[in-house]
Every structure is written in structure tokens, then in C-alpha cells.
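# Geometric and topological summary
Below, each chain spelled out in residue letters.
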Amino acid sequence: HGGTPVRTEPFPSWPRPTGEMRESLVHTLEHEKWGVGSEAVKRFEDEFAKFYAADFAISTNSGTTALWIALKAAGVKAGDEVIIPGYTFVATASAVLMANAIPVFVDINDVTLNMNPDLIEDAISEKTRVIMPVHIAGNPCHLTLINEIAARHDIAMIEDAAQAHGAEWDGRKVGAFGAGGIFSFQSTKNMSAGEGGIIVSDDEAFIDSCFSY
């Protein structure tokens, strides 16, 4: 609209390699395992869990996979229903379908753009197994109200925190308020590894089930 652009130069390309990153990568290649049993991955999981005040963390190859694993670990079976917001990235819904379950959409609050807690209970049925709020664009959902609803109906809550690295609710970082939560490290996320995901939880039985999947 005729204003002065904030930037006149293009944004830097990604990734932006550094010597430290190169040394770390070569060290992992030469001295540490990949995947299950990797010391580098275990260090990352421990530090990530500590940062999010969670007892456990387990890495995955993507945020979408993390969502699917968390749903299965929470006991979601074919024909079950999972409540999700009507505004989110497609993976929130596709992970539900991957678990052979049915996504049930709840409208969002037009200020926060997050799932409207006032509409959740109307969407609950005898088939509902999980409520999965999304912290859209890093803006935390009203986890207190959603957790209360989930507990009242004996339904698991799993946080889709794929976009919410470092976000806080009520003085605690999001992720492990319910059964567990997931983060994504895809290339558009605040914290990126190009691709990848992680599940955090305070529930040892839940995280053991995640590991099995």
C-alpha cells in the first residue's frame, strides 16, 4: 500500500551450514549409531524432555508419524473418533485416518484460531477416544479447560504442538499436559532438522507403548 518494505534483500536460504554443524555431523557418522540405540539421538531426547519439563521423549522420523504413534499408544482403534480443530495443517487429520479412526472437527475461536473449548463437549460421543488440540502458529490452546473436559469424560488428550516450540501455558511449556504431545522438526518449523518429530510425555506406560509402535 505504498509503504517502505521492511526488507529489500531476499531472506537467507536454508539450511545455513556452519563448521560446528559439519563437525558434529561427521562425528555422528564416524562414532555414533543411527536410529535405535543412537547416543546422539538419546542425548537429544533427554535434553528436549528436560527443556519441556517432561519425564520422557522419543524421536520419530516426522511430526505426522509422531501423531499417529501417539494416537495408537493412547488406544485409538478402527472406528474410534478423535476430536481435532477445524483449522490446522492436514497432518492432524491424516494421522487420525492413518490410525483407522474418524476425525471429528470442532470449530475454532475466531480470536485465538485454536479449538474452541466451549464446543468440545457437543462433539463427544461414545466413540470418542482422544481430544487433540493444536497450538496453531505457536499460540497455546486453553489447556486447562480442555484437560478438564478430557478428564471429565475419561478421554485422553494429546497435544499437536508441531508449531509450538517453546510456547508456554500457565507457566509451563506445552507438550506434556495430557497423555503426551508431539513436535515437528520439518523445514518450516521454528526448530528444524529438515524433517523429524518427537513425542513428549510424563506417562511411562504411554511412552513405552509409543516406543513399541
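Residues numbered from 1 in each chain as written. Predicted model: local features only at pLDDT ≥ 70, side-chain atom pairs only at ≥ 80, totals over all residues. Heavy atoms only, no water.

The next subject is unusual backbone geometry. Even without being glycine, Asn-100 reaches a positive phi, approximately 65°. You can see Asn-100 is positioned in the loop between α4 (90-98) and β3 (102-106). The backbone of Asp-170 shows a phi angle near 55°, a positive value even though the residue is not glycine. Secondary-structure assignment places Asp-170 in the loop between β6 (168-169) and β7 (172-173). (Helix = DSSP H or I, 4+ residues; strand = E, 2+ residues; numbered from the N terminus.)

A few words on the sheet that holds strand β5 (residues 156-160). If you walk across this open sheet you meet the seven strands as β1-β9-β8-β5-β4-β2-β3, and the pairing is mixed. Where the open sheet ends on each side, the last strands, each with one partner, are β1 (56-60) and β3. Direction aside, neighbouring strands of the sheet carry axes that sit 25° apart on average. Where strand β2 (residues 81-85) and strand β4 (residues 128-131) come together, three bridges link them in parallel fashion. Its bridge partner being in β4, Glu-81 is matched across the sheet by Thr-128. Sheet strands in contact with helix α2 (residues 39-51) are β1, β8 (180-184) and β9 (197-201), and its direction is about 130° off that of β1. Where helix α3 (residues 63-73) meets the sheet, it contacts β1, β2, β4, β5, β8 and β9, and its direction lies at approximately 165° from that of β8. (Pairing = 2+ DSSP bridges. Axes fitted to C-alpha atoms, helices over the stretch in contact; angles between N-to-C directions. Contact = heavy atoms within 4.5 Å.)

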